[in-house]
Each structure stands twice: as structure tokens, then as C-alpha cells.
Amino acid sequence: DVGGVKLSLHSPEQVRDAFFEIQQGVEKDDFLGVTVQPMLDTTDAFELIVGSSLDAQFGPVMLFGLGGTLVEVFQDSSIALPPLNSNLAHLMMKNTKIYTALKGIRGRKSADIAAIEKLIVNFSHLVMDKWMFI
């Protein structure tokens, strides 16, 4: 982790300091700049991870699960081979612990499960189309 993500920057000075900190952490020839984006309000939100990698035996492999800063700690994820349809995407989600929370818990509204399924399906097609760049 090169420290390339800086969160909760509230002033131009903090943004400038974060820029220089990121720049210092990367080899000069590898540094191409930064992108600054506004923070989303993540109150009552779930951080999820959707990703892919290339396996030497199976080819493209997809990952779905609990994301965020503790992704490596909780290791709550599911893997599948693309391409996926909505049934396979749903099964991939159901194979995680975060799925229970996504359905709504303790008075919290459920996440848009259908939208997450669609995202996973669409991402699986992108992975199949562009696997050689993974």
C-alpha cells in the first residue's frame, strides 16, 4: 500500500499536504498525478468490494464481498468465474456474511440487492471483454 488514498480532507491546505505526501511515497518516474474527488456521505452505507484477478489455471476470477479499510482483516468474500448472470451474481452475494446486513438489519433499510446484482453481472462482462488487461 503506497498510501495513495487520502480521506476527509476539509481544506485546500489539507489537500495540498496530501498531494505532497502521496508524491513523496512514489518513485518520481512512476508519479503521474492525483485525482481529487468529493467524499460521499457514507452514513448508513455498506462498503463493498468487487474485483477481478487472473488465475493461471482458471483465467479471470471475480471477487465480491465486504470492502473498506478492514477488507483484509474480515476476509468476507466470495469468488466466481465470469461471465455471470443475475442468479450467479446473487449466489455470489449470498455466500458472504455481509449479505445478511445488505438485506437490512436492526432497523436499517436493505441495500438495493438488484442493483448490486446488476453491477456484478455487468462487471463480469467487462472482465470477460478485457481480461487480457487484468
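In the block above lies the structure referred to throughout.
Peer 1: Before we go on, may I ask you to explain the overall build of the protein in this structure?
Peer 2: Across its full length, the protein holds 5 helices and 3 strands. When the helices and strands of the protein are listed from N to C terminus, the series reads α-β-β-α-β-α-α-α. In terms of overall dimensions, the protein is more spread out than a globule: its C-alpha atoms have a radius of gyration of 18 Å, far above the 14 Å expected for 134 residues. By residue count, 23% of the 134 residues in the protein fall in the buried class. Contacts spanning at least 24 positions in sequence make up 41% of the contacts within the protein whose residues lie at least 6 apart. Accessible area of the protein: about 10,100 Å², with a carbon and sulfur share of 55%. Measuring between centres, the 11 positive side-chain charges of the protein sit 9 Å from its 16 negative side-chain charges.

Peer 1: What is the right way to read the pattern of salt bridges from this model?
Peer 2: Pairing between side chains becomes possible if they bear opposite charge and their charged atoms approach one another. All told, the structure shown has 1 salt bridge when counted by the stated rule. For lysine 6, the salt bridge goes to glutamate 21, with nearest N and O atoms at 2.7 Å. One end of the pair, lysine 6, is in the segment before α1 (12–24); the other, glutamate 21, is in helix α1, and 15 residues separate them in sequence.

Peer 1: What is the right way to look at unusual backbone geometry in this model?
Peer 2: Only a minority of non-glycine residues have a phi that is not negative, and only a minority of peptide bonds are not trans. In this structure, proline 83 follows proline 82 across a cis peptide bond, with omega equal to 5°. Inspection of the secondary structure puts proline 83 in the loop between β3 (77–80) and α3 (86–94). The phi angle at aspartate 44 is positive, at roughly 65°, despite the residue not being glycine. Along the chain, aspartate 44 turns up in the loop between α1 and β1 (48–55). For aspartate 44, a relative accessible area of 61% translates into the label exposed. Positive phi values are uncommon outside glycine, yet arginine 106 reaches one of about 45°. With respect to the helices and strands, the residue arginine 106 is situated in the loop between α4 (98–102) and α5 (113–130). Judged by its relative accessible area of 86%, arginine 106 is exposed.

So, how was this worked out
Residues numbered from 1 in each chain as written. Predicted model: local features only at pLDDT ≥ 70, side-chain atom pairs only at ≥ 80, totals over all residues. Heavy atoms only, no water. Helix = DSSP H or I, 4+ residues; strand = E, 2+ residues; numbered from the N terminus. Rg over C-alpha atoms; globule rule 2.2 N^0.38 Å. Buried < 20%, exposed > 50% of the residue type's maximum accessible area, 1.4 Å probe, protein only. Contact = heavy atoms within 4.5 Å. Areas by Shrake-Rupley, 256 points an atom, 1.4 Å probe, with all protein chains shown as cover. Lys, Arg positive; Asp, Glu negative; His and termini not counted. Charge placed at Lys NZ, Arg CZ, Asp CG, Glu CD. Salt bridge = Lys/Arg side-chain N within 4 Å of Asp/Glu carboxyl O.

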